Amino acid sequence: MSEGLPEASLGESLRVVSMGVVPSLVRGLFAPRKRAMKVLTALDADRRTTELLAGIRERHRGEGVRLLGGRLVVLWGPDAIRQVLDRSAYEYASDSGAKGKGMSHFQPDALTLSRGKEWEDRREFTESVLATSERLHPFAKRFVAVVADEMERLHVSGDLAWPQIEELFDRITLRVILGDRARGDQGLTALLEERMHEANRLVGTGDDDGLFELHGRLERYVREAEPESLVAQFADAPQSDRTRVIHQIPHWMFAMRDTLAMNVARALAVIASNEDVEQRVREELDGVDPSSPDGVDGLAYLEGCLQEAMRLWPTTPLLARETTCPVHIAGQDVDEGAQVLMLNVFNHRNTADVPDADRFRPQRWEGGGHDYRFNHLSNGSQSCPGGPLVLLLGKAVLAQALDRYELDLREPYLDLGGSQPYMLDFFALRFAARPHPDAQS
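None of these values were measured; they are calculated from a predicted model.

Side note on the overall build of the chain
Now for step 1: Each helix and strand in the chain was counted, giving 16 helices and 10 strands.
Now for step 2: Rg of the C-alpha trace for the chain: 21 Å, near the compact-globule value of 22 Å for 441 residues, within the 12% margin.
Now for step 3: With respect to the principal axes defined by its C-alpha atoms, the chain has extents near 60 × 55 × 40 Å.
Now for step 4: Long-range pairs, those at least 24 residues apart, make up 76% of the contacts in the chain with a sequence separation of at least 6.
Now for step 5: Of the roughly 17,900 Å² of accessible surface on the chain, 48% is carried by carbon and sulfur atoms.

Here you go:
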């Protein structure tokens, strides 16, 4: 691939904004809108975005393009993406624009909105609490037990759909982050959800009363932290006055309660739709205790299924950064204040660079490693610090669900033998569920 960031035409620029950026705003930057997801899925919006970018890439080559006189840059080259993500929080900020404004409504001073010394401080704290450098969190045994307990309590009577999955993750999230006594505190998650829906509007987001109440409720759980909850890690984690520990919790809550739930639901849909995939998953599960963290951790093929579902249908359609100083990307000077976009919906499905981009291939993830083309958990300096925990909990839920039930996807229809649809509306997922005759629990 040749270097450079060619200049797209005005018409191309306007189409990228209208077809690549606007749909992300419509579906909800922070809290997905059910009606919007239904409409965008019917319009096949992500396919249209992908085809548009594929045509522009074919015409212009390079590692991306400059739009609107360089005020906007769209990247698809892995080297250019690596540069931006590796230098994020310094030369490329994520606390400006629509994302920064919206996120400030429910998690001001969060790690994901930080830069410089504040980012370093909050990253160190977050990595300590989430045990980023460890394959298994120190409290993994309890966390997996929480998943098993909540799966046992889940009411499934012939049918499994999104509302039950959402409820399941709501309770897992509260117990893992805040402890068992938070299990029934749906008022807390309702407060966060309300703030996130307000943040979708970007303008007229209201006063801070709800934010003060949200933080006040979280502070009570931190002051009386239950053993083996994430907030129990706070006391031993490095922190300072600039850490703002309470401000870090809302991001973990929506990442676990909402984002992970969507990804698990889609992975379950894929597994339940393909006999060969399900058989291989069940062969891997054979003899494995789904309540054992070591057993769950060793489920490599199941992890590949989860990763591949996240790649095919990224819950974050695009990553946005703003240059904080003049930079040099792919041999091209880019001014301070330029918006840099990495459209996951295109980069994950870029058939020119990604082998079998539209096919479901769990084996793609064998051996681990970081591919900067795939950013469902991001990469570089601002990669998801909860990545190992996300994968553990996601696999634990999938393993428990498949251990307890025989599942058939009723809606929508998926054909795993060929190219996968560009959109899979998790709100519309519905499974037929029967108790598994060989369930271990």
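Overview of the sheet that holds strand 4 (residues 159-161)
Now for step 1: Taken in spatial order, the three strands of this open sheet run 4-10-9, and their pairing is antiparallel. Of all the strands in the sheet, the pair left with one neighbour each is strand 4 and strand 9 (405-411). The mean inter-strand angle of the sheet, taken between neighbouring strand axes irrespective of direction, is 30 degrees.
Now for step 2: Relative to strand 10 (residues 430-435), strand 9 runs antiparallel, the two being bridged by six bridges. Directly across from Leu407, in strand 10, lies its bridge partner Ala433.
Now for step 3: This element, helix 8 (residues 162-178), spans strand 4 and strand 10 of the sheet and lies at about 70 degrees to strand 4.
Now for step 4: The sheet strands contacting helix 11 (residues 245-273) are strand 4, strand 9 and strand 10, and the helix crosses strand 9 at an angle near 95 degrees.

Description of the packing of helix 8 against helix 11
Now for step 1: Packing of helix 8 against helix 11 brings their axes to within 9 Å, and their N-to-C directions diverge by 145 degrees. Every pair of crossing elements has a handedness; the one defined by helix 8 and helix 11 is right-handed. Counting all contacts with helix 8, which are made through Trp162, Ile165, Glu166, Phe169, Asp170, Thr173, Leu174, Val176, Ile177 and Leu178, the residues of helix 11 involved are Ile249, Trp252, Met253, Met256, Arg257, Asp258, Leu260, Ala261, Met262, Val264 and Ala265.
Now for step 2: Here the contact of helix 8 with helix 11 is built from residues that sort into 16 nonpolar, one polar and four charged.

Concerning the sheet that holds strand 8 (residues 339-343)
Now for step 1: Across the sheet, five strands lie side by side as 1-2-8-5-3; this open sheet has mixed pairing. The sheet is open, and its two borders are formed by strand 1 (64-67) and strand 3 (92-93), each paired with just one other strand.
Now for step 2: Bridge analysis of strand 1 against strand 2 (residues 72-75) gives four bridges, and the strand direction is antiparallel. From the neighbouring strand, Leu67 faces strand 2, where its bridge partner is Leu72.

So, how was this worked out
Residues numbered from 1 in each chain as written. Predicted model: local features only at pLDDT ≥ 70, side-chain atom pairs only at ≥ 80, totals over all residues. Heavy atoms only, no water. Helix = DSSP H or I, 4+ residues; strand = E, 2+ residues; numbered from the N terminus. Rg over C-alpha atoms; globule rule 2.2 N^0.38 Å. Contact = heavy atoms within 4.5 Å. Areas by Shrake-Rupley, 256 points an atom, 1.4 Å probe, with all protein chains shown as cover. Pairing = 2+ DSSP bridges. Axes fitted to C-alpha atoms, helices over the stretch in contact; angles between N-to-C directions. Left-handed = near helix turned anticlockwise from the far one by under 90°. Nonpolar A, V, L, I, M, F, W, Y, C, P; charged D, E, K, R; others polar.

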